[in-house]
Each structure stands twice: as structure tokens, then as C-alpha cells.
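Summary of structural features
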Amino acid sequence: MINIYEVNETNNMIQHENLDVRTITMGISLLDCASSDLAQVKERIYRKITTMAKDLVPTGEAIERDFGIPIVNKRISVTPIALVGGAACQGPEDFVSIAQVLDQAAREVGVNFIGGYSALVSKGMTRADELLIRSIPQALAKTERVCSSVNVGSTKTGLNMDAVKLMGEIVKETAEATRDRDSLGCAKLVVFCNAPDDNPFMAGAFHGVTEADAVIHVGVSGPGVVKVALKKARGENFEVLCETIKKTAFKITRVGQLVAQEASRRLKVPFGIIDLSLAPTPAVGDSVAEILQEIGLERVGAPGTTAALAMLNDQVKKGGVMASSYVGGLSGAFIPVSEDQGMIDAVNEKALTLEKLEAMTCVCSVGLDMIAIPGDTPAAAIAGIIADEAAIGMVNQKTTAVRLIPVIGKGVGEMAEFGGLLGYAPVMPVNPFSCERFVSRGGRIPAPIHSFKN
Amino acid sequence: MNKIIITVVGKDTVGIIARVCTYLAENGVNILDISQTIVQDYFNMMMIADIAGAKQPFERVAADLEQVGKEIGVMVKCQREEIFTSMHRI
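Now for a description of the structure that goes with this document. (Residues numbered from 1 in each chain as written. Chains lettered and ligands numbered in written order. Predicted model: local features only at pLDDT ≥ 70, side-chain atom pairs only at ≥ 80, totals over all residues.)

1. Focus on unusual backbone geometry
Residues and elements named next belong to chain A.
- Each neighbour pair has its own omega, and for Met-202 with Ala-203 the value is 10°, a cis peptide bond.
- Among the secondary structure elements, Ala-203 is positioned in the loop between strand S7 (189-193) and strand S8 (214-220).
- In this structure, Lys-350 is a non-glycine residue whose phi angle is positive, near 60°.
- Along the chain, Lys-350 falls in the loop between helix H12 (341-348) and helix H13 (354-360).
- Residue Lys-350 is classed as partly exposed on the basis of its C-beta count, with 13 C-beta atoms lying within 10 Å. (Helix = DSSP H or I, 4+ residues; strand = E, 2+ residues; numbered from the N terminus. Buried ≥ 20, exposed ≤ 12 C-beta atoms within 10 Å, placed from the backbone.)

Here's what the structure looks like:
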């Protein structure tokens with residue numbers, strides 16, 4: 001039987017160490033909503049989402065009450081809209097009108113974000129893909145809850161450099177379109193390489209075409225729990241350190257697995273995956289950066305940061321994998337700047353640079369995330385950063401992503417405010433030398449040699 | 001069997017267990033196990049109880065016990081057992 005020490009350990013994690021389930025995300029296929037008539041597409045999308053997800057939020061809240069564990073977000077991911085709206089949309093404005101329907105549906109069922117305003121263009125763009133991409137700035141400016149993502153490359157296909165160049169421009173236009181809110185639109189736009197079909201985390205969540213009609217994914221969290229556990233291992237060697245992280249990750253993930261199974265059972269929707277990510281929030285003590293400091297770095301960005309992060313990420317996975325029957329999504333430590341107080345402090349103290357962050361993304365998920373850069377950064381430079389990050393993903397057979405916010409009207413050292421879980425970020429400098437001629441060549445970068453495994 | 005875990009944390013005072021147990025008895029909740037410790041004057045109790053024969057649904061028991069706790073100045077929390085067994089048992 002459970003004893004008082006175990007009960008206290010669990011409840012201390014929840015009450016004092018910010019243990020929570022970060023998100024229950026319902027993936028919904030909208031493939032059966034396609035039609036050549038735009039009004040019909042919109043009506044079908046609205047009806048399907050509001051029917052399938054009508055009990056998502058109340059069920060999440062009931063599970064919170066039953067187990068006494070906070071479930072921070074309830075969200076929805078849908079089939080990439082470029083596929084669903086392709087036959088009906090004649091111009092970017094048609095796609096924007098679908099985004100508005102997604103926004104209404106999200107509001108109706110009470111979820112705070114809906115992901116899947118997406119295009120998968122790792123090898124080439126269809127006309128619909130390009131129209132959707134060109135509609136992103138207006139779609140994100142005119143909606144509140146819609147999140148967008150574009151997959152521009154993969155290990156199997158190489159990098160679609162035409163799409164990379166276009167995304168540099170689109171990020172810039174999205175920033176302009178939402179300049180009155182510190183370019184907030186860019187916080188809801190992710191550019192991927194090797195995007196997973198079953199990611200429950202925003203802004204990059206979409207419901208891949210390989211998925212069932214509806215499915216429940218759960219994203220766990222708990223950087224604070226890992227940090228507190230590591231305090232007890234101060235001065236110990238790496239073996240003890242790694243064991244401590246693994247055991248803690250196991251416990252955190254078991255809670256996620258329980259919540260996922262319960263949500264799946266109560267909603268009568270199959271369970272998909274658990275995403276084993278250490279996802280920070282701006283709350284003090286809920287920080288991946290603080291874990292790295294507890295491991296022994298004075299500040300994130302110091303020499304040794306990449307090694308420490310590689311170890312942390314690996315141990316979280318090793319502990320988590322055994323705790324869940326299906327693991328997927330991004331599954332790794334997140335290192336968003338604006339959503340992690342320790343990262344923000346490190347940037348302010350000039351310990352952490354964009355280049356060091358790029359090195360860190362080689363060993364963890366997911367990429368250059370929630371980084372504010374000067375508003376006058378050229379579109380070509382943004383495309384170059386996207387290309388660098390996508391190349392890391394392509395060559396290392398992992399997911400990488402870029403979520404940069406060129407804050408219009410602000411320069412290096414100024415602060416951008418995004419609010420809520422999105423946090424705030426100091427504007428970081430970007431290397432001023434040009435890559436214009438490189439990104440303008442056009443075409444594709446071929447898949448790397450080690451992708452030919454057949 | 002439908003097990004819940006009731007935890008009570010707060011400043012030690014006369015009759016905490018009595019009040020909680022009275023409520024449980026009146027509402028058909030069977031107590032399976034009780035353990036308690038006192039850490040630096042703070043009362044810390046855990047009960048394992050079965051609500052299979054309870055007169056009230058879980059949500060009501062949880063809300064009522066929270067209210068009982070407020071009346072005697074302690075924090076009472078009810079959770080289904082699975083969150084603890086998931087985390088601590090393989």
C-alpha cells in the first residue's frame with residue numbers, strides 16, 4: 001500500500017516544485033472536411049472540431065480535480081490546413097477565412113491554442129501550400145488562438161531552400177502585421193525540419209496525415225521537480241547525477257501516462273503518445289536553465305553548457321521511455337528564451353548568445369525557440385538562420401525548429417513582452433554579415449548521404 | 001473498491017482526526033489505513049479510504065472535506081489513489 005512519504009513526495013512536487021501536465025492535445029483529422037466549395041469547407045471544419053472536442057476542456061478539468069494535478073493547457077491540433085483547403089482556396093484571403101473559423105471553433109470549445117495552420121513543403125510546394133504560407137501573416141494577425149507551422153526540410157528529402165527563403169520573408173511580414181503587440185504573431189509561427197506528426201506542444205502542433213481520425217496526446221513537464229531532485233545530488237559524480245534525473249523523469253512521465261489514459265478513456269478517443277519534454281515556464285523555479293546551473297554551470301551559455309544539456313536530455317528520455325507505452329512528439333528539453341527566467345537572465349548578463357543557443361539545439365529538442373531579434377534584421381538573415389537550424393536537423397536526423405521574433409521598432413537590449421506563458425525576452429543581436437546571395441540561389445539542398453538506408 | 005487518498009496538513013490542534021472521521025463515517029466512506037506524523041508542530045496525516053459505498057460522489061466528498069478543513073484551519077486534500085500508485089509502483 002502507498003505510504004505517507006510517497007504521498008508527501010508527490011504532493012510536494014505538485015505544490016512546491018511546479019509539477020504539472022503541460023497539455024492535453026486532441027489531434028483531429030480534417031481530411032474529410034475537404035471540398036471545392038469554401039463555405040462548405042468552413043462549415044464542416046467548424047462542425048467537426050466543435051463536435052469532437054466539445055468535452056475536452058471539462059474532461060481535462062475533471063481529471064485535474066480527481067488526481068489533484070494541474071493540467072495547464074487543453075489544446076487542439078488539426079490536419080495541415082494547406083491539405084484541407086487546397087481545393088477550395090483561390091487566394092491567401094480564402095485561407096485567412098479558414099484561420100478565422102479555426103479561431104472561432106477554438107473559442108467555442110474553450111481551448112487556448114489550435115495548431116495546424118500548416119504546410120508540409122520539405123521537398124516542394126503545391127499551389128495551395130504556397131497560398132497558405134503567403135496567408136500566414138494576415139492569418140496570425142487576424143486570429144488570437146491559431147498557431148502556424150511550416151516544415152521546410154527533412155533528412156529524407158533535404159532542404160527546400162525556396163521555402164526557406166520564403167519563410168524568411170513571411171516571418172518578417174508576420175512581425176510587421178502584429179507590430180502593435182511586439183510582433184506577437186511570430187510567437188505562433190514555427191519553421192520545422194523533420195516535423196513530427198504527433199507533437200502536442202504549440203506552436204508547432206499539427207495532426208499528421210499518418211494519424212487516426214482523432215487521438216489524444218499528452219505533454220508532460222516538470223523542470224522544477226528535476227531541479228529540486230538534483231539539489232540533493234550536489235557534489236556527486238555523473239553516475240549519481242544521471243540516476244537522479246532518470247528516476248525523476250520516470251515519476252513525472254508516469255503521471256502524464258495516467259492522465260493520458262484517463263483522458264483517452266473518458267473522451268473515448270484513442271491514446272496517441274506522451275511527449276517527454278522538459279518544458280519551462282516563466283515562473284521562478286520552472287526553468288531548464290536553472291537545472292543546468294544546478295548541474296554546475298554558473299550561467300547557461302558558459303563552456304560546458306552543450307555537454308550538460310546533452311546529458312540532461314538523454315537521461316530524461318531514458319527515464320521517461322520506460323514510464324510510458326508510447327513516446328513521441330518532440331520529447332526533449334526545450335530551451336525557449338522568453339519562457340524561461342534562467343535563459344532570460346543569461347541573455348541579460350551576456351552569458352548566452354544566439355550562436356551558443358544554436359549549438360545547444362544540436363543536442364536537444366527543439367530549436368531556436370522564442371528568441372527576440374532586432375526588428376530591422378533582413379529577411380535573408382532570418383532565412384539563413386532557418387537554413388542553419390534545418391541543416392542541423394537534417395544531418396542529425398532530429399527535429400529542429402525556428403521560432404524567431406523580429407520585434408519591429410526594437411533593437412538589441414530592449415525588452416519584448418508577449419504575455420502569459422509566452423513570457424518576455426531581451427532582443428538579441430544577430431550576426432550583421434549578409435547571406436543574401438546564398439539564400440537566393442533557389443532550389444533544394446539534397447538529402448544527406450546517410451539518409452539512403454534502403 | 002475505489003480508493004482515495006486524503007491528506008491533512010496544518011497546525012496541530014485537538015480533534016482533527018475526529019472531525020474528518022466523523023464526516024467519513026456519516027457519508028459511508030470506509031477508512032482502510034491511517035498514518036500521521038508531526039513535523040515541527042505541523043500535523044501531517046494521510047488516510048487511504050474506500051468510497052465504493054459512499055453516499056456522495058467523489059467530487060462532493062472532496063469539496064466537503066476541503067470545507068471541513070477550512071473550519072478547523074487545516075488543508076484537506078482528496079485525490080484518487082492512481083496518481084500515487086502510477087508514480088511510485090512499477
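Still to come is the rest of the account.
2. Quick word on helix H6 (residues 127-142) of chain A
Residues and elements named next belong to chain A.
- The first and last C-alpha atoms of H6 sit 23 Å apart over 16 residues, in line with the 22 Å expected at 1.5 Å per residue.
- Those residues of H6 that sit buried are Ala-128, Asp-129, Leu-131, Leu-132, Ile-133, Ser-135, Ile-136, Pro-137, Ala-139 and Leu-140.
- Buried positions along H6 lie against helix H4 (81-85), helix H5 (92-109), strand S3 (114-120), strand S4 (146-151), helix H7 (161-177) and S7. (Expected span 1.5 Å × (residues − 1). Contact = placed C-beta atoms within 7 Å.)

3. Quick word on the nonpolar core
Residues and elements named next belong to chain A.
- Residues Val-152, Val-164, Met-167, Val-259 and Ile-386 are the most contacted members of the largest nonpolar core, which totals 178 residues.
- Top contributing element to this core by residue count: helix H9 (residues 238-267), with ten residues.
- Setting aside anything within four residues of it in sequence, one finds Val-164 in contact with Val-152, Leu-159, Ala-383, Ile-386, Ala-387, Ala-390 and Val-439. (Core = buried A, V, L, I, M, F, W, Y, C linked by C-beta atoms within 7 Å.)

4. A closer look at the interface of chain A and chain B
- Tallying the contact residues gives 18 residues for chain A and 21 residues for chain B.
- Within the residue set of the side of chain A that touches chain B, elements represented by two or more residues are helix H1 (4-16), helix H3 (56-67) and H9 of chain A.
- Residue composition of the side of chain A that touches chain B, grouped by class: eight nonpolar, five polar and five charged. (Nonpolar A, V, L, I, M, F, W, Y, C, P; charged D, E, K, R; others polar.)

5. Overview of the packing of helix H2 (residues 38-52) of chain A against H5(A)
All names here are of chain A.
- Taken N-terminus to C-terminus, the directions of H2 and H5 make an angle of 20°; their axes are 9 Å apart at the nearest point. Considering the angle they form, H2 stands roughly parallel to H5. Crossing angle aside, the handedness with which H2 passes H5 is right-handed. Here Leu-38, Val-41, Lys-42, Ile-45, Tyr-46, Ile-49 and Thr-50 of H2 come into contact with H5, specifically with Asp-94, Ser-97, Ile-98, Val-101, Leu-102, Gln-104, Ala-105, Glu-108 and Val-109. (Axes fitted to C-alpha atoms, helices over the stretch in contact; angles between N-to-C directions. Parallel < 35°, antiparallel > 145°, perpendicular 65-115°, else oblique. Left-handed = near helix turned anticlockwise from the far one by under 90°.)

6. Re H1(A)
- With 13 residues, H1(A) ought to run about 18 Å at 1.5 Å a step, and its terminal C-alpha atoms sit 17 Å apart, in line with that.
- If you check which residues of H1(A) are buried, you get A:Val7, A:Thr10, A:Asn11, A:Met13 and A:Ile14. In a view along the axis of H1(A), the buried residues occupy a sector of 150°, so they form one face of it. In H1(A), the exposed positions that point more than 90 degrees away from the buried face belong to A:Tyr5 and A:His16.
- Those residues of H1(A) that are buried lie in contact with helix H8 (223-231) of chain A together with strand S1 (3-11), strand S3 (42-50) and helix H3 (82-88) of chain B. (Arc of directions from axis to C-beta.)

7. Section: the packing of H3(A) against H9(A)
Residues and elements named next belong to chain A.
- Between H3 and H9, the shortest axis-to-axis distance is 10 Å and the interhelical angle comes to 135°. It follows from the interaxial angle that H3 and H9 lie oblique. Of the two possible hands of crossing, H3 and H9 adopt the one that is right-handed. Between H3 and H9, the residues in contact are Leu-56, Thr-59, Gly-60 and Ile-63 and Val-259, Glu-262, Ala-263, Arg-266 and Leu-267, respectively.
- When grouped by side-chain class, the residues that make up the contact of H3 with H9 number five nonpolar, two polar and two charged.

8. Regarding the pairing of strand S4 (residues 74-80) of chain B
Residue and element names in this part refer to chain B.
- Buried residues dominate S4, accounting for five of its seven residues.
- By the bridge criterion, seven bridges tie S1 to S4 in an arrangement that is antiparallel. Within S4, the residue paired with Ile-6 across the bridge is Cys-78. (Pairing = 2+ DSSP bridges.)

9. Thoughts on the sheet that holds strand S14 (residues 444-445) of chain A
Residues and elements named next belong to chain A.
- Strand order in the open sheet formed by three strands is S5-S6-S14, and the pairing between neighbours is antiparallel. At either end of the open sheet lies a strand with only one pairing partner, and these are strand S5 (153-154) and S14.
- Packed on one face of the sheet, H7 meets strand S6 (158-160) and S14 and runs near 45° to S6.
- Sheet strands in contact with helix H14 (residues 379-396) are S5 and S6, and its direction is about 155° off that of S6.

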